[in-house]
Amino acid sequence: MFHKLLIANRGEIAVRIIRACREMGIPTVAVYSEADSESLHTLLADEAICIGPAKSQDSYLNMERILSAAVAMGADAIHPGFGFLSENSRFAELCGICGIKFVGPDSGVIARMGNKAEARKTMIKAGIPVVPGGMEPVRTLPEAKKAAEETGYPVMIKAALGGGGKGMRVAGSEKELEAEFLNAQREALKGFSDDTMYIERYVENPRHIEFQILADEYGNIIHLGERDCSVQKNHQKLIEEAPSAAIPDTLRREMGETAVRAAGAAGYKNAGTIEFLLDKDNRYYFIEMNTRIQVEHPVTEAVTGIDLVKAQIRIAAGERLSLTQDEVEISGHAIECRINAKMAGKVTNLLAPGGMGIRVDSAMYNGCQVPPWYDAMLLKLVVHGEDREEAIRKIQCALGELVIEGVETNLDDQYEIFTHPVYQSGPVDTGFMEKYFNFGRK
Ligand code: MV4
(Lines give C-alpha, C1' and ligand atoms only; values in the text may rest on other atoms or scores of the structure.)
Protein backbone atom coordinates (compact mmCIF):
# COMPACT_ATOMS: atom_id res chain seq x y z
CA MET A 1 0.00 0.00 0.00
CA PHE A 2 1.02 3.61 -0.48
CA HIS A 3 3.00 5.44 2.20
CA LYS A 4 1.63 8.90 1.45
CA LEU A 5 -0.98 10.13 -0.99
CA LEU A 6 -1.24 13.63 -2.43
CA ILE A 7 -4.66 14.94 -3.42
CA ALA A 8 -4.42 17.10 -6.53
CA ASN A 9 -7.78 18.72 -6.01
CA ARG A 10 -9.88 20.87 -3.68
CA GLY A 11 -13.41 21.09 -2.31
CA GLU A 12 -15.70 18.21 -1.47
CA ILE A 13 -13.91 15.58 -3.58
CA ALA A 14 -10.57 16.37 -1.91
CA VAL A 15 -12.29 15.92 1.47
CA ARG A 16 -13.88 12.69 0.22
CA ILE A 17 -10.44 11.33 -0.76
CA ILE A 18 -8.84 12.40 2.53
CA ARG A 19 -11.57 10.51 4.41
CA ALA A 20 -10.94 7.33 2.43
CA CYS A 21 -7.20 7.57 3.05
CA ARG A 22 -7.66 8.19 6.76
CA GLU A 23 -9.81 5.07 7.07
CA MET A 24 -7.14 3.13 5.21
CA GLY A 25 -4.33 4.51 7.37
CA ILE A 26 -2.67 6.35 4.49
CA PRO A 27 -1.19 9.76 5.39
CA THR A 28 -2.39 12.57 3.10
CA VAL A 29 -0.96 15.72 1.57
CA ALA A 30 -3.30 18.49 0.47
CA VAL A 31 -2.23 21.02 -2.11
CA TYR A 32 -3.93 24.39 -1.94
CA SER A 33 -4.01 27.73 -3.69
CA GLU A 34 -3.61 31.06 -1.91
CA ALA A 35 -7.42 31.33 -1.90
CA ASP A 36 -7.78 27.98 -0.12
CA SER A 37 -5.48 28.32 2.92
CA GLU A 38 -8.54 28.04 5.21
CA SER A 39 -10.44 25.54 3.07
CA LEU A 40 -11.55 22.27 4.64
CA HIS A 41 -9.32 20.02 2.52
CA THR A 42 -6.30 22.09 3.57
CA LEU A 43 -7.25 21.87 7.24
CA LEU A 44 -8.20 18.20 7.19
CA ALA A 45 -5.20 16.63 5.46
CA ASP A 46 -2.21 15.45 7.52
CA GLU A 47 0.03 17.88 5.65
CA ALA A 48 -0.67 20.75 3.30
CA ILE A 49 1.43 22.70 0.85
CA CYS A 50 0.61 25.90 -1.01
CA ILE A 51 1.10 25.55 -4.76
CA GLY A 52 0.36 29.05 -5.99
CA PRO A 53 -2.13 31.85 -6.61
CA ALA A 54 -5.91 31.48 -6.67
CA LYS A 55 -6.35 31.07 -10.41
CA SER A 56 -6.58 27.37 -11.31
CA GLN A 57 -4.05 27.80 -14.11
CA ASP A 58 -1.47 28.86 -11.51
CA SER A 59 -2.29 26.21 -8.91
CA TYR A 60 -4.61 23.20 -9.36
CA LEU A 61 -3.82 23.00 -13.09
CA ASN A 62 -0.10 23.57 -12.71
CA MET A 63 1.48 20.15 -13.21
CA GLU A 64 5.03 21.17 -12.35
CA ARG A 65 4.04 22.71 -9.03
CA ILE A 66 1.91 19.76 -8.02
CA LEU A 67 4.57 17.24 -8.96
CA SER A 68 7.25 19.27 -7.18
CA ALA A 69 5.04 19.29 -4.09
CA ALA A 70 4.57 15.52 -4.33
CA VAL A 71 8.29 14.89 -4.64
CA ALA A 72 9.17 17.36 -1.87
CA MET A 73 6.61 15.86 0.51
CA GLY A 74 7.56 12.28 -0.32
CA ALA A 75 4.17 11.22 -1.70
CA ASP A 76 4.17 7.95 -3.64
CA ALA A 77 0.67 8.35 -5.09
CA ILE A 78 -1.49 11.17 -6.46
CA HIS A 79 -5.28 11.08 -6.58
CA PRO A 80 -6.55 13.64 -9.12
CA GLY A 81 -10.24 13.63 -8.11
CA PHE A 82 -12.46 15.00 -10.90
CA GLY A 83 -12.07 18.09 -13.06
CA PHE A 84 -8.67 19.88 -12.99
CA LEU A 85 -5.95 17.40 -14.10
CA SER A 86 -8.00 14.23 -13.66
CA GLU A 87 -8.30 13.55 -17.40
CA ASN A 88 -5.01 15.07 -18.46
CA SER A 89 -2.98 12.25 -20.01
CA ARG A 90 0.23 14.27 -19.85
CA PHE A 91 -0.18 14.67 -16.10
CA ALA A 92 -0.70 10.93 -15.64
CA GLU A 93 2.41 10.34 -17.74
CA LEU A 94 4.48 12.84 -15.73
CA CYS A 95 3.43 11.18 -12.48
CA GLY A 96 4.89 7.93 -13.80
CA ILE A 97 8.11 9.66 -14.87
CA CYS A 98 8.43 11.08 -11.33
CA GLY A 99 7.95 7.61 -9.86
CA ILE A 100 4.55 8.49 -8.42
CA LYS A 101 1.50 6.28 -8.93
CA PHE A 102 -1.37 8.11 -10.62
CA VAL A 103 -4.63 6.80 -9.16
CA GLY A 104 -6.41 6.16 -12.45
CA PRO A 105 -5.94 4.43 -15.79
CA ASP A 106 -2.78 4.53 -17.94
CA SER A 107 -2.06 7.83 -19.67
CA GLY A 108 -2.52 6.23 -23.10
CA VAL A 109 -6.05 5.14 -22.17
CA ILE A 110 -6.89 8.62 -20.85
CA ALA A 111 -5.74 10.13 -24.15
CA ARG A 112 -7.58 7.56 -26.28
CA MET A 113 -10.89 7.89 -24.42
CA GLY A 114 -10.50 11.67 -24.11
CA ASN A 115 -10.76 11.79 -27.88
CA LYS A 116 -14.45 10.91 -28.33
CA ALA A 117 -14.08 10.24 -32.05
CA GLU A 118 -11.32 7.76 -31.33
CA ALA A 119 -13.24 6.22 -28.43
CA ARG A 120 -16.20 5.75 -30.77
CA LYS A 121 -13.96 4.01 -33.31
CA THR A 122 -12.50 1.75 -30.62
CA MET A 123 -16.02 0.71 -29.59
CA ILE A 124 -17.23 0.14 -33.16
CA LYS A 125 -14.26 -2.18 -33.73
CA ALA A 126 -15.12 -4.05 -30.52
CA GLY A 127 -18.74 -4.51 -31.60
CA ILE A 128 -20.14 -2.17 -28.96
CA PRO A 129 -23.36 -0.43 -30.07
CA VAL A 130 -22.72 3.25 -30.80
CA VAL A 131 -25.08 5.91 -32.12
CA PRO A 132 -25.49 5.40 -35.90
CA GLY A 133 -23.00 7.59 -37.77
CA GLY A 134 -19.59 7.66 -39.40
CA MET A 135 -16.60 5.61 -38.29
CA GLU A 136 -14.05 8.33 -39.14
CA PRO A 137 -13.80 11.89 -37.79
CA VAL A 138 -14.51 14.79 -40.18
CA ARG A 139 -12.43 17.92 -40.65
CA THR A 140 -14.14 19.80 -43.51
CA LEU A 141 -17.69 20.71 -44.49
CA PRO A 142 -17.71 18.36 -47.52
CA GLU A 143 -16.58 15.47 -45.30
CA ALA A 144 -19.27 16.37 -42.77
CA LYS A 145 -21.94 16.51 -45.48
CA LYS A 146 -20.94 13.09 -46.78
CA ALA A 147 -21.01 11.55 -43.29
CA ALA A 148 -24.39 13.17 -42.53
CA GLU A 149 -25.83 11.98 -45.84
CA GLU A 150 -24.78 8.40 -45.04
CA THR A 151 -26.05 8.67 -41.45
CA GLY A 152 -29.37 10.26 -42.29
CA TYR A 153 -30.74 13.48 -40.80
CA PRO A 154 -31.20 14.79 -38.15
CA VAL A 155 -27.56 14.55 -37.07
CA MET A 156 -25.48 15.75 -34.16
CA ILE A 157 -22.18 17.50 -34.88
CA LYS A 158 -19.72 16.84 -32.07
CA ALA A 159 -16.14 17.87 -31.28
CA ALA A 160 -13.65 15.02 -30.90
CA LEU A 161 -12.23 16.58 -27.73
CA GLY A 162 -15.64 17.83 -26.60
CA GLY A 163 -17.96 16.87 -23.82
CA GLY A 164 -20.25 19.01 -21.78
CA GLY A 165 -22.03 20.26 -24.88
CA LYS A 166 -19.30 22.58 -26.17
CA GLY A 167 -18.85 22.41 -29.95
CA MET A 168 -22.07 20.39 -30.21
CA ARG A 169 -24.85 21.21 -32.72
CA VAL A 170 -27.98 19.57 -34.07
CA ALA A 171 -28.55 19.74 -37.83
CA GLY A 172 -31.95 18.70 -39.17
CA SER A 173 -31.03 19.03 -42.81
CA GLU A 174 -28.11 19.65 -45.16
CA LYS A 175 -29.00 23.33 -45.10
CA GLU A 176 -28.68 23.42 -41.31
CA LEU A 177 -25.44 21.46 -41.44
CA GLU A 178 -24.01 24.04 -43.82
CA ALA A 179 -25.10 26.80 -41.46
CA GLU A 180 -23.81 25.17 -38.28
CA PHE A 181 -20.81 22.96 -39.02
CA LEU A 182 -18.20 25.71 -39.25
CA ASN A 183 -19.62 27.42 -36.13
CA ALA A 184 -19.32 24.20 -34.19
CA GLN A 185 -15.81 23.68 -35.54
CA ARG A 186 -14.77 27.21 -34.56
CA GLU A 187 -16.15 26.66 -31.05
CA ALA A 188 -14.21 23.40 -30.80
CA LEU A 189 -10.99 25.07 -31.94
CA LYS A 190 -11.46 27.82 -29.38
CA GLY A 191 -12.37 25.45 -26.55
CA PHE A 192 -10.03 22.52 -27.18
CA SER A 193 -7.39 23.82 -29.64
CA ASP A 194 -8.52 21.11 -32.05
CA ASP A 195 -11.26 21.22 -34.68
CA THR A 196 -11.65 17.51 -35.36
CA MET A 197 -15.37 16.72 -35.44
CA TYR A 198 -17.58 13.66 -35.86
CA ILE A 199 -21.16 13.03 -36.91
CA GLU A 200 -23.82 10.98 -35.16
CA ARG A 201 -27.53 10.51 -35.72
CA TYR A 202 -29.43 12.85 -33.38
CA VAL A 203 -31.27 10.97 -30.64
CA GLU A 204 -34.20 13.06 -29.40
CA ASN A 205 -34.59 13.46 -25.64
CA PRO A 206 -32.59 10.39 -24.67
CA ARG A 207 -32.00 9.22 -21.15
CA HIS A 208 -28.44 9.54 -19.93
CA ILE A 209 -27.45 6.20 -18.41
CA GLU A 210 -23.93 5.51 -17.22
CA PHE A 211 -22.41 2.32 -15.84
CA GLN A 212 -19.79 2.33 -13.10
CA ILE A 213 -16.82 0.14 -13.91
CA LEU A 214 -14.10 -1.26 -11.67
CA ALA A 215 -11.10 -2.85 -13.35
CA ASP A 216 -7.97 -4.11 -11.64
CA GLU A 217 -4.49 -4.30 -13.15
CA TYR A 218 -4.83 -8.02 -13.94
CA GLY A 219 -7.68 -7.81 -16.46
CA ASN A 220 -10.58 -8.37 -14.05
CA ILE A 221 -13.47 -6.04 -14.84
CA ILE A 222 -16.85 -5.70 -13.16
CA HIS A 223 -19.67 -3.17 -13.30
CA LEU A 224 -21.55 -1.76 -10.30
CA GLY A 225 -24.78 -1.03 -12.09
CA GLU A 226 -25.96 2.22 -13.60
CA ARG A 227 -26.78 5.79 -12.72
CA ASP A 228 -29.53 7.76 -14.39
CA CYS A 229 -28.31 11.32 -14.94
CA SER A 230 -31.10 12.57 -17.15
CA VAL A 231 -32.03 15.52 -14.94
CA GLN A 232 -29.71 18.24 -16.18
CA LYS A 233 -29.83 21.83 -17.35
CA ASN A 234 -27.41 23.42 -19.82
CA HIS A 235 -25.34 20.20 -19.68
CA GLN A 236 -25.00 20.58 -15.91
CA LYS A 237 -26.21 17.50 -14.08
CA LEU A 238 -28.50 18.38 -11.19
CA ILE A 239 -29.84 15.05 -9.91
CA GLU A 240 -28.55 11.48 -10.27
CA GLU A 241 -30.19 8.22 -9.29
CA ALA A 242 -29.22 4.59 -8.94
CA PRO A 243 -30.63 2.33 -10.18
CA SER A 244 -32.42 3.87 -13.17
CA ALA A 245 -36.19 3.45 -12.90
CA ALA A 246 -36.26 3.35 -16.70
CA ILE A 247 -34.33 0.09 -17.06
CA PRO A 248 -35.83 -3.38 -16.72
CA ASP A 249 -33.58 -6.04 -15.14
CA THR A 250 -32.92 -7.91 -18.39
CA LEU A 251 -31.77 -4.71 -20.09
CA ARG A 252 -29.61 -3.83 -17.07
CA ARG A 253 -27.80 -7.13 -17.36
CA GLU A 254 -27.25 -6.66 -21.09
CA MET A 255 -26.07 -3.04 -20.79
CA GLY A 256 -23.81 -3.98 -17.88
CA GLU A 257 -22.17 -6.74 -19.89
CA THR A 258 -21.73 -4.32 -22.78
CA ALA A 259 -20.15 -1.75 -20.45
CA VAL A 260 -17.68 -4.34 -19.17
CA ARG A 261 -16.77 -5.30 -22.75
CA ALA A 262 -16.35 -1.61 -23.62
CA ALA A 263 -13.97 -1.10 -20.69
CA GLY A 264 -12.04 -4.17 -21.81
CA ALA A 265 -11.80 -2.81 -25.36
CA ALA A 266 -10.38 0.42 -23.93
CA GLY A 267 -7.71 -1.48 -21.97
CA TYR A 268 -9.17 0.09 -18.86
CA LYS A 269 -7.82 -0.06 -15.32
CA ASN A 270 -9.23 1.53 -12.14
CA ALA A 271 -12.68 3.15 -11.71
CA GLY A 272 -14.34 4.49 -14.84
CA THR A 273 -17.70 5.18 -16.37
CA ILE A 274 -19.29 4.05 -19.62
CA GLU A 275 -21.91 6.54 -20.82
CA PHE A 276 -24.87 5.45 -22.88
CA LEU A 277 -27.78 7.21 -24.46
CA LEU A 278 -31.02 5.28 -24.08
CA ASP A 279 -33.73 6.13 -26.63
CA LYS A 280 -37.51 5.90 -26.40
CA ASP A 281 -37.51 2.30 -27.66
CA ASN A 282 -34.92 1.30 -25.03
CA ARG A 283 -32.14 1.02 -27.57
CA TYR A 284 -28.82 2.00 -26.02
CA TYR A 285 -25.71 3.48 -27.57
CA PHE A 286 -22.22 4.08 -26.20
CA ILE A 287 -21.30 7.76 -26.35
CA GLU A 288 -18.29 8.34 -24.10
CA MET A 289 -16.06 6.87 -21.45
CA ASN A 290 -15.10 8.95 -18.42
CA THR A 291 -11.70 8.00 -17.05
CA ARG A 292 -12.12 9.46 -13.57
CA ILE A 293 -14.13 9.15 -10.38
CA GLN A 294 -17.34 11.09 -10.99
CA VAL A 295 -19.25 13.64 -8.96
CA GLU A 296 -22.22 11.26 -8.74
CA HIS A 297 -20.25 8.20 -7.54
CA PRO A 298 -21.96 8.20 -4.08
CA VAL A 299 -25.29 6.93 -5.45
CA THR A 300 -23.48 3.82 -6.66
CA GLU A 301 -21.75 3.50 -3.29
CA ALA A 302 -25.14 3.71 -1.57
CA VAL A 303 -26.80 0.92 -3.55
CA THR A 304 -23.76 -1.40 -3.71
CA GLY A 305 -22.11 -0.70 -0.33
CA ILE A 306 -18.76 -0.40 -2.10
CA ASP A 307 -16.43 2.51 -1.32
CA LEU A 308 -15.30 3.56 -4.79
CA VAL A 309 -12.46 5.81 -3.70
CA LYS A 310 -10.95 3.09 -1.52
CA ALA A 311 -11.39 0.68 -4.43
CA GLN A 312 -9.51 3.12 -6.68
CA ILE A 313 -6.62 3.34 -4.23
CA ARG A 314 -6.44 -0.42 -3.72
CA ILE A 315 -6.45 -1.06 -7.45
CA ALA A 316 -3.74 1.55 -8.01
CA ALA A 317 -1.66 -0.12 -5.29
CA GLY A 318 -1.83 -3.37 -7.26
CA GLU A 319 -4.51 -5.22 -5.32
CA ARG A 320 -6.90 -7.54 -7.09
CA LEU A 321 -10.65 -6.90 -7.24
CA SER A 322 -12.03 -8.53 -4.13
CA LEU A 323 -15.42 -9.42 -5.59
CA THR A 324 -16.88 -10.97 -8.71
CA GLN A 325 -19.78 -9.70 -10.81
CA ASP A 326 -22.12 -12.22 -9.17
CA GLU A 327 -21.27 -10.80 -5.76
CA VAL A 328 -22.36 -7.28 -6.71
CA GLU A 329 -25.83 -6.62 -5.35
CA ILE A 330 -27.91 -3.53 -5.97
CA SER A 331 -30.16 -2.77 -3.05
CA GLY A 332 -32.68 0.02 -2.60
CA HIS A 333 -32.66 3.33 -4.41
CA ALA A 334 -30.28 6.27 -4.07
CA ILE A 335 -30.64 9.87 -5.21
CA GLU A 336 -28.02 12.61 -5.27
CA CYS A 337 -28.80 16.28 -5.53
CA ARG A 338 -26.13 18.89 -6.22
CA ILE A 339 -26.29 22.14 -4.28
CA ASN A 340 -24.48 24.89 -6.18
CA ALA A 341 -23.57 28.42 -5.14
CA LYS A 342 -25.05 31.19 -7.25
CA MET A 343 -22.47 33.63 -5.88
CA ALA A 344 -19.18 33.78 -4.00
CA GLY A 345 -19.05 34.90 -0.38
CA LYS A 346 -18.94 33.84 3.24
CA VAL A 347 -21.20 31.10 4.61
CA THR A 348 -22.68 32.68 7.72
CA ASN A 349 -24.81 29.73 8.79
CA LEU A 350 -24.84 26.06 7.86
CA LEU A 351 -27.02 23.27 9.15
CA ALA A 352 -26.61 19.88 7.52
CA PRO A 353 -29.46 17.35 7.54
CA GLY A 354 -29.04 13.91 9.13
CA GLY A 355 -30.80 10.66 9.77
CA MET A 356 -30.87 7.15 8.38
CA GLY A 357 -29.78 6.95 4.76
CA ILE A 358 -28.70 10.60 4.56
CA ARG A 359 -25.19 11.52 3.44
CA VAL A 360 -23.70 14.96 2.96
CA ASP A 361 -20.47 15.35 0.98
CA SER A 362 -19.18 18.88 1.23
CA ALA A 363 -16.18 21.01 2.10
CA MET A 364 -18.40 23.67 3.66
CA TYR A 365 -18.32 24.69 7.31
CA ASN A 366 -19.84 27.51 9.30
CA GLY A 367 -17.95 30.66 8.41
CA CYS A 368 -16.12 29.23 5.40
CA GLN A 369 -15.46 31.27 2.29
CA VAL A 370 -16.82 30.32 -1.13
CA PRO A 371 -14.14 31.66 -3.47
CA PRO A 372 -15.12 32.95 -6.92
CA TRP A 373 -12.37 31.06 -8.74
CA TYR A 374 -13.61 27.51 -8.86
CA ASP A 375 -16.55 25.21 -9.56
CA ALA A 376 -19.76 26.33 -7.87
CA MET A 377 -20.73 22.96 -6.40
CA LEU A 378 -20.97 23.36 -2.62
CA LEU A 379 -22.56 20.20 -1.39
CA LYS A 380 -23.92 16.85 -2.50
CA LEU A 381 -26.90 15.48 -0.66
CA VAL A 382 -27.22 11.73 -1.13
CA VAL A 383 -30.09 9.66 0.22
CA HIS A 384 -30.63 5.91 0.22
CA GLY A 385 -34.11 4.44 0.64
CA GLU A 386 -35.84 1.13 0.10
CA ASP A 387 -37.32 2.28 -3.18
CA ARG A 388 -37.58 5.38 -5.36
CA GLU A 389 -40.63 6.68 -3.55
CA GLU A 390 -38.95 6.52 -0.17
CA ALA A 391 -35.76 8.07 -1.57
CA ILE A 392 -37.76 11.00 -2.97
CA ARG A 393 -39.46 11.54 0.38
CA LYS A 394 -36.14 11.30 2.19
CA ILE A 395 -34.45 13.84 -0.06
CA GLN A 396 -37.35 16.26 0.35
CA CYS A 397 -37.09 15.95 4.14
CA ALA A 398 -33.31 16.39 4.03
CA LEU A 399 -33.50 19.40 1.69
CA GLY A 400 -36.07 20.87 4.07
CA GLU A 401 -33.60 20.59 6.96
CA LEU A 402 -30.60 21.94 5.05
CA VAL A 403 -29.82 25.56 5.88
CA ILE A 404 -27.19 27.56 4.00
CA GLU A 405 -26.99 31.27 4.70
CA GLY A 406 -24.66 33.95 3.39
CA VAL A 407 -24.44 32.71 -0.19
CA GLU A 408 -27.34 32.20 -2.56
CA THR A 409 -27.76 28.59 -3.74
CA ASN A 410 -29.99 26.47 -5.98
CA LEU A 411 -31.54 24.71 -2.96
CA ASP A 412 -35.06 25.99 -3.64
CA ASP A 413 -34.82 25.06 -7.33
CA GLN A 414 -33.81 21.52 -6.38
CA TYR A 415 -36.67 21.21 -3.91
CA GLU A 416 -39.10 22.17 -6.67
CA ILE A 417 -37.87 19.40 -8.95
CA PHE A 418 -38.53 16.76 -6.30
CA THR A 419 -42.08 18.00 -5.79
CA HIS A 420 -42.85 17.93 -9.52
CA PRO A 421 -45.51 15.30 -10.30
CA VAL A 422 -43.81 14.25 -13.55
CA TYR A 423 -40.53 13.62 -11.72
CA GLN A 424 -42.31 11.83 -8.88
CA SER A 425 -44.34 9.59 -11.14
CA GLY A 426 -41.36 7.99 -12.82
CA PRO A 427 -38.03 8.39 -14.54
CA VAL A 428 -37.67 11.45 -16.75
CA ASP A 429 -35.62 12.02 -19.92
CA THR A 430 -33.13 14.76 -20.79
CA GLY A 431 -35.94 16.95 -22.13
CA PHE A 432 -37.63 17.20 -18.71
CA MET A 433 -35.89 20.27 -17.35
CA GLU A 434 -36.30 22.35 -20.47
CA LYS A 435 -39.95 21.39 -20.74
CA TYR A 436 -40.99 22.15 -17.17
CA PHE A 437 -38.37 24.39 -15.55
CA ASN A 438 -37.18 27.81 -16.36
CA PHE A 439 -35.29 29.02 -13.31
CA GLY A 440 -32.18 31.14 -13.53
CA ARG A 441 -28.88 29.76 -14.79
CA LYS A 442 -26.71 27.42 -12.70
C1 MV4 B 1 -26.26 13.32 -28.01
C2 MV4 B 1 -27.62 13.63 -27.90
C3 MV4 B 1 -28.45 13.21 -28.91
N4 MV4 B 1 -27.95 12.52 -29.96
N5 MV4 B 1 -25.82 12.61 -29.07
C6 MV4 B 1 -24.74 16.02 -24.40
C7 MV4 B 1 -23.42 16.00 -23.69
C8 MV4 B 1 -22.58 14.97 -24.37
N9 MV4 B 1 -21.78 14.26 -23.44
C10 MV4 B 1 -23.56 14.09 -25.07
N11 MV4 B 1 -24.78 14.82 -25.18
C12 MV4 B 1 -25.77 14.42 -26.02
N13 MV4 B 1 -25.38 13.67 -27.08
C14 MV4 B 1 -26.66 12.24 -30.01
N15 MV4 B 1 -26.20 11.56 -31.05
C16 MV4 B 1 -28.05 14.36 -26.79
C17 MV4 B 1 -27.13 14.77 -25.85
C18 MV4 B 1 -27.66 15.51 -24.77
C19 MV4 B 1 -27.58 15.05 -23.47
C20 MV4 B 1 -26.94 13.86 -23.13
C21 MV4 B 1 -26.86 13.42 -21.84
C22 MV4 B 1 -27.44 14.18 -20.84
C23 MV4 B 1 -28.06 15.35 -21.14
C24 MV4 B 1 -28.14 15.81 -22.45
C25 MV4 B 1 -28.78 17.00 -22.72
C26 MV4 B 1 -28.85 17.45 -23.99
C27 MV4 B 1 -28.28 16.73 -25.02
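So, how was this worked out
- Residues numbered from 1 in each chain as written.
- Predicted model: local features only at pLDDT ≥ 70, side-chain atom pairs only at ≥ 80, totals over all residues.
- Heavy atoms only, no water.
- Near = heavy atom within 4 Å.
- Polar contact = N/O pair within 3.5 Å; in protein donor to acceptor, adjacent residues only side chain to side chain.
- Helix = DSSP H or I, 4+ residues; strand = E, 2+ residues; numbered from the N terminus.
- Nonpolar A, V, L, I, M, F, W, Y, C, P; charged D, E, K, R; others polar.
- Pairing = 2+ DSSP bridges.
- Contact = heavy atoms within 4.5 Å.
- Axes fitted to C-alpha atoms, helices over the stretch in contact; angles between N-to-C directions.
- Buried < 20%, exposed > 50% of the residue type's maximum accessible area, 1.4 Å probe, protein only.
- Core = buried A, V, L, I, M, F, W, Y, C linked by side-chain atoms within 4.5 Å.
- Left-handed = near helix turned anticlockwise from the far one by under 90°.
- 1 Å grid on protein atoms, 1.4 Å probe; cavity = no way out; pocket = protein on both sides within 12 Å on 5 of 7 lines; lining within 4 Å.
- Points joined across faces, edges and corners; volume = space filled by probe spheres on them.

Here we look at the site of the ligand
- Close to the ligand lie 15 residues; Lys158, Glu200, Arg201, Val203 and Glu288 are nearest.
- A distance of 2.9 Å separates a nitrogen atom of the ligand from a polar atom in the side chain of lysine 158.
- Taking valine 203, its main chain carries an N or O atom lying 2.9 Å from a nitrogen atom of the ligand.
- Listed by contribution, the elements that provide at least two residues to the shell around the ligand are strand E6 (155-159), strand E8 (197-201) and strand E13 (284-290).
- Of the residues in the shell around the ligand, the class split is seven nonpolar, four polar and four charged.

Regarding the sheet that holds strand E4 (residues 77-79)
- The strand order across the open sheet formed by five strands is E3-E2-E1-E4-E5, and the pairing between neighbours is parallel. Each edge of the open sheet is held by one strand with a lone partner, namely strand E3 (47-52) and strand E5 (101-102).
- Inspection of the sheet shows strand E1 (residues 5-7) paired to E4 by three bridges, in the parallel sense. The partner of isoleucine 7 across the bridge, within E4, is histidine 79.
- Taken strand by strand, helix H1 (residues 11-24) contacts E1, strand E2 (28-33) and E4, and its axis lies near 165° from that of E1.

Considerations on the side chain of glutamine 294
- Mapped onto the fold, glutamine 294 is located in the loop between E13 and helix H10 (297-304).
- The exposure class assigned to glutamine 294 is buried, which follows from its relative accessible area of 1%.
- Separated by 3.4 Å, the side chains of glutamine 294 and asparagine 290 make a polar contact.

Considering the nonpolar core
- By size, the foremost hydrophobic cluster in this structure holds 34 residues, and its most contacted members are Ile335, Ile417 and Tyr423.
- Among the secondary structure elements, those contributing two or more residues to this core are strand E11 (236-242), strand E14 (333-340), strand E19 (377-385), helix H12 (388-401), helix H13 (411-419) and helix H15 (432-436).
- A total of five residues in this core trace back to one element, the largest contributor, which is H12.
- The residues contacting tyrosine 423, other than those within four sequence positions of it, are Val231, Ile239, Glu241, Ile335, Arg388, Ile392, Ile417, Phe418, Val428 and Phe432.

Some details on the packing of H1 against helix H11 (residues 308-316)
- Two numbers describe how H1 lies on H11: the axes approach to 9 Å, and their chain directions differ by 65°. Relative to H11, H1 is oriented so that their crossing is right-handed. On H11, the residues touching Arg16, Ile17, Ala20, Cys21, Glu23 and Met24 of H1 are Leu308, Val309, Lys310, Ile313 and Arg314.
- Across the contact of H1 with H11, the residue classes break down as seven nonpolar, no polar and four charged.

With respect to the layout of surface pockets
- By volume, the second largest pocket amounts to about 380 Å³.
- In terms of lining residues, the second largest pocket is bounded by 15 residues, among which His223, Arg252, Arg253, Gln325 and Val328 are the most central.
- When contributions to the lining of the second largest pocket are tallied by element, the ones reaching two or more residues are strand E10 (221-233) and helix H9 (249-266).
- In terms of residues, the lining of the second largest pocket owes the most to one element, H9, which gives six residues.
- Tallied by class, the residues present in the lining of the second largest pocket amount to five nonpolar, four polar and six charged.

Keep in mind these values describe shape, not function.
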